[in-house]
Amino acid sequence: MSICDGIGRYGNQIFRSLAVSIFAEKFNLSVKYKDKVNIERLGLKLFNGVNRYKNSIELNDNNYLDLLNKDSINSNIRTKSYFQTKRITDIVFSYLNSDKIMKDMMYNNKYKSRYNNNNDCFIHIRLGDVSKYNPGYEYYNQILSKLKFDNLYIASDSPEHDIIVKLKNKYNNFKFYNSSLEDIILFGSTNKYVILSYGTFSGIIGYLSYYSNVYSLKYCEEYCWDWDKQDECDIFRDKTNKIGKWIIN
C-alpha cells in the first residue's frame with residue numbers, strides 16, 4: 001500500500017494529500033492518508049484505488065512531475081515532501097477548479113446558498129508563531145478601504161492581536177469568525193471578497209473561493225517564513241479562478 005504522510009499542520013496536509021490523490025488516481029494506487037477524515041470533511045474525496053506493489057519509492061517535489069507523466073508505475077509511493085512548488089500547486093489548483101470538483105464542492109458546502117449571493121468580505125490573518133512576517137494592519141486596511149462590503153468576517157489564530165483590535169475598532173460591521181478549521185474554509189470561500197495571509201491554510205481558502213475576488217500577498221522574502229526554501233510554499237503565484245479573480249498585492 002502507498003502511504004501519504006509527512007509533517008505539517010492542516011493546510012500542509014491538505015496540499016500533500018491532494019497532490020498524492022491526483023497521482024494515485026492516475027495509477028489507481030491504494031493509499032493510506034494521514035489526515036483523511038478531517039480533509040474529507042471539506043467535501044474533498046481523496047482517491048484510494050486497488051493497486052499495491054511489493055516495493056515502494058519516495059514521491060517528492062523533485063520527481064513528482066516526471067513520475068506523473070509516465071504511462072504506468074509498478075511501485076507503491078511514500079511521501080515526505082510538502083508538494084507546494086509552483087508547478088505542483090498549479091496542478092492542484094487546476095484540479096480544484098475543474099468542472100466536476102467545483103460542482104461537487106459547491107453542492108456539498110453547507111454554506112452553498114452564499115455563493116455569488118452576498119456582498120461580504122472575509123479575511124484570514126495568520127499570526128501566532130509567524131506574526132513578524134505578517135504584512136500588518138495597513139496591508140488589510142488599504143484593501144478594505146477600496147471595497148464596499150456589508151459584513152467583515154475575520155478568522156485568526158490570535159484574536160487579541162493588535163491588528164485584529166485595530167480592524168475591529170475601525171469597521172463597525174466587524175465579526176470575528178471563530179469556528180473549526182473546516183468551517184472557516186467552507187464559509188470563508190463563499191464570500192464575495194477574500195483576503196489571504198501567507199501560508200497553506202489561507203491558500204486553500206483562496207483555491208476554493210470560486211466566485212470571489214481573492215487578494216493575496218506577493219511571494220517575497222519579507223512575508224515568507226520559508227524563503228530559504230523557495231520551492232516549499234510557492235502556492236499563490238499566477239492563480240486565476242474560472243469565475244472570480246485573484247489580485248496580488
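Let me begin by describing the structure that accompanies this report.

## Remarks on the packing of aromatic side chains
Overall, the coordinates contain 19 aromatic pairs when judged by the stated rule. Between F93 and W246, the ring centres sit 6.0 Å apart and the planes meet at 80°, which makes this aromatic pair edge-to-face. Of this pair, F93 sits in helix α4 (residues 86-96) while W246 sits in strand β10 (residues 245-248), and the two are 153 residues apart along the sequence. Across the pair, exposure class does not vary: F93 and W246 are buried alike. Ring centres 6.1 Å apart and planes at 65° place the aromatic pair Y207 and W246 in the edge-to-face group. Taken together, the residues Y207 in helix α9 (residues 200-207) and W246 in strand β10 connect sequence positions 39 residues apart. Each member of the pair, Y207 as well as W246, carries the same accessibility label: buried. Directly above the ring of Y107 sits K112, whose terminal nitrogen or CZ lies 4.3 Å from the centroid.

## What to know about the pairing of strand β5 (residues 121-125)
In terms of burial, β5 is largely enclosed, as 5 of its 5 residues are buried. Of the two faces of β5, the one lined by C121, I123 and I125 and the one lined by F122 and H124 are each fully buried. Across 5 bridges, the pairing between β5 and strand β6 (residues 152-156) is parallel. The partner of I123 across the bridge, within β6, is I154. With helix α6 (residues 137-144) bridging β5 and the parallel β6, this β-α-β connection has right-handed handedness. Both β5 and strand β8 (residues 193-195) contribute to a ladder of 3 bridges, which runs parallel. Of the residues in β8, the one forming a bridge with I123 is I195.

## Some thoughts on the sheet that holds β8
Read from one edge to the other, the open sheet built from 6 strands follows the order β7-β6-β5-β8-β9-β10, with strand pairing classed as parallel. One side of each edge strand has no neighbouring strand; the edge strands of this open sheet are β7 (174-176) and β10. Averaged over all neighbouring strand pairs, the angle between strand axes comes to 20°, with direction disregarded.

## Brief notes about helix α7 (residues 162-170)
Every buried residue belonging to α7 is among I163, I164 and L167, and all of these are buried. The arc that holds every buried residue of α7, seen down its axis, measures 95°, which confines them to one face. With respect to the buried face of α7, the exposed residues turned more than 90 degrees away are K168 and N169.

## Things to note about the nonpolar core
In terms of nonpolar packing, the biggest core is built from 80 residues, with F23, Y64, L96 and L167 touching the most fellow members. The element that contributes the greatest number of residues to this core is helix α1 (residues 10-27), accounting for 10 residues. Beyond its immediate chain neighbours, meaning those up to four positions away, Y64 contacts A19, I22, F23, L59, F83, I88 and I91.

## Observations regarding the environment of H161
Inspection of the secondary structure assignment puts H161 in the loop between β6 and α7. C-alpha of H161 to C-alpha of G128: the two residues are 33 residues apart in sequence and 9.1 Å apart in space.

## A look at unusual backbone geometry
Even without being a glycine, F83 presents a positive backbone phi close to 60°. Its place among the elements puts F83 in the loop between β4 (76-79) and α4. Residue N116 is not a glycine yet carries a positive backbone phi of 55°.

## Concerning the packing of helix α8 (residues 181-188) against α9
A pair of packed helices is characterised by two quantities: the angle between their axes and the separation of those axes. At a closest axis distance of 8 Å, the pairing of α8 and α9 adopts a crossing angle of 40°. Classified by the angle their axes make, α8 and α9 are oblique. Crossing hand, α8 versus α9: right-handed. Contacts between α8 and α9 pair L181, I184, I185 and G188 from the former with F201, I204 and I205 from the latter. For the contact of α8 with α9, the class distribution of residues is 6 nonpolar, 1 polar and no charged.

## Quick word on α1
When the terminal C-alpha atoms of α1 are compared, their 26 Å separation across 18 residues agrees well with the 26 Å that a helix rising 1.5 Å per residue should span. For α1, the buried fraction is high: 16 of the 18 residues fall into the buried class. Following α1 by one or two positions, N28 has its phi on the positive side, about 55°.

Analysis parameters
Residues numbered from 1 in each chain as written. Predicted model: local features only at pLDDT ≥ 70, side-chain atom pairs only at ≥ 80, totals over all residues. Heavy atoms only, no water. Phe/Tyr/Trp six-rings, centres within 6.5 Å; stacked < 30°, edge-to-face > 60°. Helix = DSSP H or I, 4+ residues; strand = E, 2+ residues; numbered from the N terminus. Buried < 20%, exposed > 50% of the residue type's maximum accessible area, 1.4 Å probe, protein only. Lys NZ or Arg CZ within 6 Å of the ring centre and 35° of its normal. Pairing = 2+ DSSP bridges. Right-handed = clockwise from strand over helix to strand, strands pointing away. Axes fitted to C-alpha atoms, helices over the stretch in contact; angles between N-to-C directions. Arc of directions from axis to C-beta. Core = buried A, V, L, I, M, F, W, Y, C linked by side-chain atoms within 4.5 Å. Contact = heavy atoms within 4.5 Å. Parallel < 35°, antiparallel > 145°, perpendicular 65-115°, else oblique. Left-handed = near helix turned anticlockwise from the far one by under 90°. Nonpolar A, V, L, I, M, F, W, Y, C, P; charged D, E, K, R; others polar. Expected span 1.5 Å × (residues − 1).

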